[in-house]
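# A closer look at the structure
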Amino acid sequence: MDIFSKIAAGEIPSYKVAENDEFYAFLDINPLVKGHTLVIPRREVDYFFDMEDDELARYQQFAKRVAAAIKQAFPCRKVAQVVLGLEVAHAHIHLIPMQTEADADFRREKLKLSEEEFKEIAAKIQAAL
């Protein structure tokens, strides 16, 4: 079981934003901006495009709901969707509230947030769902 599967199963703590039987959304612990969220399938699949078409469609629909909640909780111009996936062998989408494209630059310094800040951010997004 990989690290993201352990997070979705509750074996590793996370700041959960949303979940259903197939997908799990939680705050990135090294966020670029407040509200930076990861969305994963519960099923272990390494490559985003290895997912079946119907599963991929449901994944995007789930991510769309989470992105709308992020945009409401953290007013921004858009919520970026970034699929990188080399650092963890489990398909995942980064949802990043952005005012400019620089907000989605992974080379920039990550925020250092307290546990209380993470909890407040997660609660704010959950309330918008």
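Before reading on, note that the structure itself is shown above.
These notes cover the structure that comes with them.

Rules used throughout
- Chains are numbered independently. Their residues run from 1 in the order of the written sequence.
- Predicted model: local features are reported for residues with pLDDT of at least 70 only, side-chain atom pairs are reported and counted for 80 or more only, and whole-chain, interface and lining totals are derived from all residues.
- Computation of side-chain values covers all heavy atoms of the structure but excludes hydrogens and water.
- Runs of H or I in DSSP of at least four residues are treated as helices and runs of E of at least two as strands, each being numbered from the N terminus.
- Two things to know: the radius of gyration comes from C-alpha atoms, and the globule rule equals 2.2 Å times the number of residues to the power 0.38.
- Exposure classes here rest on a 1.4 Å probe applied to the protein chains alone. A residue is buried below 20% of its type maximum, exposed above 50%, and partly exposed in between.
- We call two residues in contact when some of their heavy atoms are within 4.5 Å.
- A 1.4 Å probe and the Shrake-Rupley method give the accessible areas. Residues count as covered only by the protein chains that appear here.
- Counted as positive: Lys and Arg. Counted as negative: Asp and Glu. His and the chain ends are not counted at all.
- The atom standing in for a charge is NZ when the residue is Lys, CZ when it is Arg, CG when it is Asp and CD when it is Glu.
- A pair is scored as a salt bridge if a Lys or Arg side-chain nitrogen falls within 4 Å of a carboxyl oxygen belonging to Asp or Glu.
- The criterion for an aromatic pair is that two Phe, Tyr or Trp rings (for Trp, the six-membered ring) have centres within 6.5 Å, with stacked assigned to planes under 30 degrees apart, edge-to-face to planes over 60 apart and tilted to the rest.
- Remark: a charge is flagged as sitting over a ring if the NZ atom of Lys or the CZ atom of Arg is within 6 Å of the ring centre and within 35 degrees of the ring normal.
- Buriedness for pockets is judged along seven lines, at least five of which must meet protein on both sides within 12 Å for an open set on the 1 Å grid over protein atoms alone, while cavities are sets there where a 1.4 Å probe fits but cannot get out, and lining residues have an atom within 4 Å of a point.
- Grid points are joined across faces, edges and corners, and a volume is the space filled by probe spheres set on the points.
- If DSSP finds at least two bridges between two strands, the strands pair.
- The convention used is that axes are lines fitted to C-alpha atoms, helices contributing only their stretch in contact, and that angles between N-to-C directions extend from 0 to 180 degrees.

### Concerning the overall build of the chain
- Helices and strands together make up the secondary structure of the chain, namely 3 helices and 5 strands.
- Along the chain, helices and strands appear, N-terminal first, in the series α-β-β-β-α-β-β-α.
- The C-alpha radius of gyration of the chain comes to 14 Å, within 12% of the 14 Å expected for a compact globule of 129 residues.
- Sorting the 129 residues of the chain into buried and exposed places 47% on the buried side.
- Put simply, 58% of the contacts in the chain that link residues at least 6 apart link residues at least 24 apart.
- When the accessible surface of the chain is split by element, carbon and sulfur atoms take 51% of a total near 7,300 Å².
- Each charge class in the chain was averaged separately, 17 positive and 22 negative side chains, and the resulting centres sit 7 Å apart.

### Quick word on the pattern of salt bridges
- Scanning all chains against the criterion turns up 9 salt bridges.
- Notably, a salt bridge pairs Lys119 with Glu115, separated by 3.2 Å at the nearest N-O pair. Linking Lys119 with Glu115, this pair stays in helix α3 (residues 115-128), spanning 4 residues, or about one helical turn.
- Residues participating in the shared-partner salt-bridge network are Lys16, Glu19 and Arg42.

### Some thoughts on the packing of aromatic side chains
- Across all of its chains, the model carries 8 aromatic pairs by this definition.
- Ring centres of Phe23 and Tyr59 lie 5.2 Å apart, and the angle between their planes is 15°; this geometry places the pair in the stacked category. Pair noted here: Phe23 is in strand β2 (residues 23-27) and Tyr59 is in helix α2 (residues 53-73), with a separation of 36 residues, a long-range link.
- Look at Tyr59 and you get buried, because its relative accessible area is 0%.
- Measuring from ring centre to ring centre gives 5.7 Å for Tyr24 and Phe26, while their planes differ by 40°; the resulting arrangement is tilted.
- The class of Tyr24 is buried, set by a relative accessible area of 6%.
- One aromatic cluster is present, formed by Phe23, Tyr47, Phe48, Phe49, Tyr59 and Phe62 through successive ring pairs.
- Positioned over the ring face of Phe74 is Lys124, at 4.8 Å from the centre of the ring.

### Focus: the layout of surface pockets
- Volume-wise, the largest pocket comes out at about 370 Å³.
- Residue lining of the largest pocket: 20 residues in total, with Phe4, Asp28, Ile29, Asn30 and Leu38 positioned closest to the centre.
- Where the lining of the largest pocket is concerned, the elements lending two or more residues are α1 (3-8) and β2.

### Quick word on the sheet that holds strand β1 (residues 16-19)
- The antiparallel open sheet is built from 5 strands, whose spatial order is β1-β2-β3-β5-β4. Only two strands of the sheet have a single neighbouring strand rather than two, namely β1 and β4 (78-82). Taken pair by pair, the neighbouring strands of this sheet meet at an average axis angle of 20°, ignoring direction.
- Looking at chain direction, strand β3 (residues 37-41) and strand β5 (residues 93-98) are connected through 3 bridges and run antiparallel. Looking across to β5, one finds that Leu38 is bridged to His94.
- Sheet strands in contact with α2 are β1, β2, β3, β4 and β5, and its direction is about 25° off that of β5.

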